[in-house]
Amino acid sequence: MLRGSYESFVRGAIAAGHPVTAQVGADVLRAGGNAMDAAIAACFASWVTESSLTGAGGGGFMLIHRARDRTTRLLDFFVSVPGGGADPAAMESLDIDFSSGAVVPYHIGPASAAVPGVPLGLETAWRQFGSRPWAELLEPAVQLAREGVELTPPQAYLHELLAGILLSRREGREIYSVETGGRVRIPDLAETLTRIAADGASSLYTGELASAICETAPQISPDDLAGYRVIRRRPVSAPFRGFEFRSNPPPSSGGILIGYGLRMLDAWGRFDARAIVDAMREQAAAREGAFLSELYRGGLARRLIGPLDAPSMTTHVSVVDARGDAVSVSCSTGSGSGVFVPGTGIQLNNMLGEVDLAGMHRPGQRLTSMMAPTICLSDGRPRLVVGSAGSARLRAAIFQIVVRVLARGEGVREAVEAPRLHWDEGIVHAEGGWDPAEIDVFDEAGFAVTRWPRKDLYFGGAQAVELLEDGTLAAAGDPRRGGAGIVVE
């Protein structure tokens, strides 16, 4: 049980990438559901509210902390390479132009789709940790898919960025040809969700729906789907300022690189803008050479975050409940393949075509990912629960929020809304809002600097919940992605 009078008046807190996503999870907490119930209901709702980022056709990771035994575990339900392998020549190419001239290449089309894992991952988590009926947790998403959700300005901006993908095929045009303030409806997805509610996630991995997925993306075989399994992993762990950082372990890279950066800052005893960029440079250097193969071979965590000498679009949900249980879950369809399984409302992922994931494409292999759902502990209980969207930039977003909250003592909302930095191929990207003097130091040091005029979703979309010593909860959704945080009393 949590210290203080927390339990007597608070049921929990949730932060998510859309106000409706957060409200669905908050309603579950209010009705007596636990952190897992709220996270699962919110994830299903996000298939509608944030459908350009996530859905049944994607993959994800869930980090779970249980107050009862103070254990933390990771469920890996990320995408895997299909038996048909990856054929870049069969994929369609396009560039997405962010603000300030940052251009990110993407590859889409049927050939870009890997084997999805989100539906089975959510069901596996519910079977082990959920407390409310399965169908009850899907019902809000069913209603949202049928009735639609208002297109908010942040989501409209995202749709504009991804228009070349979302509108590339008829099914996408039927869903996303909506102006700001209009309603995004996905009636076919409502039927798919109803089927999952009745028959379970297995309905997407065997039978008619599985056959439809395989017909849409021929490199995915019925055996690929039927043989897909959720993997349980031990989280990567690193001490930082008296707290314990826990996150997504190899073969994914985000958690281990964040932990590496935190260990460096701890050793340096510096937490300013220059120190953050210096740590980012070291993180980038660590990814060179044999880094990718070491993610699969083992030993990398021990090397990078042991004792030190002195593009993906994603959605995230963070939850803490009244018992002190915490869930941090990140899911993604990449940037989306633009390809919908006919009659289902399911857009397939484009993970085989993502530049950040390119490399080790052996059939059956679980792809590596930057996604890093994170829980930081204080005396064995959650202090900060955080994750982010943003492909390669999500690592930097989580890193800076952890530093601001745990090293600089900022509140979670202040930390989430603060301007961010990103180091990329020798360039310091400085988001709008920094004190000019803090950025001038990079010019004086001879760095190439790109000054962004304002805050932008290029720098990620973080959702975070913090629990203070007196039991006070706070939740913050990232305004860059139109996120929302709710404390449920």
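Up top you'll find the structure we're talking about.
Each residue is numbered by its place in its chain's sequence as written, counting from 1. Residue-level local features of this predicted model are given only where pLDDT is at least 70; pairs of side-chain atoms are given and counted only at 80 or more, and the full residue set underlies all totals for whole chains, interfaces and linings. Hydrogens and water are ignored here; the side-chain numbers use all heavy atoms of the structure.

Draft legend 1. Spotlight on the environment of E136. Checked against the element boundaries, E136 lands in helix 5 (residues 134–147). E136 gets classed as partly exposed once you look at its relative accessible area, which sits at 36%. The spatial distance from the C-alpha of E136 to the C-alpha of A197 is 8.2 Å, given a sequence separation of 61 residues. A run of DSSP states H or I qualifies as a helix once it reaches four residues; a run of E qualifies as a strand once it reaches two. Both are numbered from the N-terminal end. Burial here depends on accessible area, computed with a 1.4 Å probe over protein chains only, as a share of the maximum for the residue type. Under 20% is buried, over 50% is exposed, and the range in between is partly exposed.

Draft legend 2. The packing of aromatic side chains, seen in detail. Two aromatic rings from Phe, Tyr or Trp, using only the six-membered ring of Trp, form a pair when their centres are within 6.5 Å; if the ring planes differ by under 30 degrees the pair is stacked, by over 60 it is edge-to-face, and anything between is tilted. Inspection of every chain in the model, using the stated rule, returns 11 aromatic pairs. Ring centres of W126 and W134 lie 5.3 Å apart, and the angle between their planes is 45 degrees; this geometry places the pair in the tilted category. Grouping residues by exposure puts W126 and W134 together as buried. Ring centres of W452 and Y458 lie 4.6 Å apart, and the angle between their planes is 20 degrees; on these two criteria the pair is classed as stacked. A relative accessible area of 4% means that Y458 is categorised as buried. Three or more aromatic residues joined by ring pairs form one cluster here, namely F44, W47, W126 and W134.

Draft legend 3. Region of the structure containing the environment of S335. The residue S335 is located in the loop between strand 12 (326–334) and strand 13 (340–341) in this model. For S335, a relative accessible area of 0% translates into the label buried. Placed 15 residues apart in sequence, S335 and N350 show a C-alpha to C-alpha distance of 6.6 Å. N or O atoms closer than or at 3.5 Å make up a polar contact, with two conditions inside protein: a donor-capable atom paired with an acceptor-capable one, and, for residues adjacent in sequence, both atoms drawn from side chains. Reaching out from S335, the side chain makes a polar contact with the side chain of N350 at a distance of 2.9 Å.

Draft legend 4. A look at the sheet that holds strand 11 (residues 313–321). We treat two strands as partners when DSSP finds at least two bridges between them. Spatially, 8-3-2-12-11-1-22 is the arrangement adopted by the 7 strands of the open sheet, whose pairing is antiparallel. Of all the strands in the sheet, the pair left with one neighbour each is strand 8 (231–233) and strand 22 (484–488). Each neighbouring strand pair of the sheet contributes to a mean axis angle of 15 degrees, computed without reference to strand direction. One ladder, built from 7 bridges, connects strand 2 (residues 59–66) with strand 12; its direction is antiparallel. Within the sheet, the bridge partner assigned to F61 lies in strand 12 and is S330. Whether two residues are in contact is decided by their heavy atoms: any pair within 4.5 Å suffices. Note on method: axes are straight lines fitted to C-alpha atoms, helices fitted across the in-contact stretch only, with angles between N-to-C directions ranging 0 to 180 degrees. Strand contacts of helix 4 (residues 118–129): strand 2, strand 3 (71–77), strand 8 and strand 12, with the helix running at about 15 degrees to strand 2, the strand carrying the most contacts.

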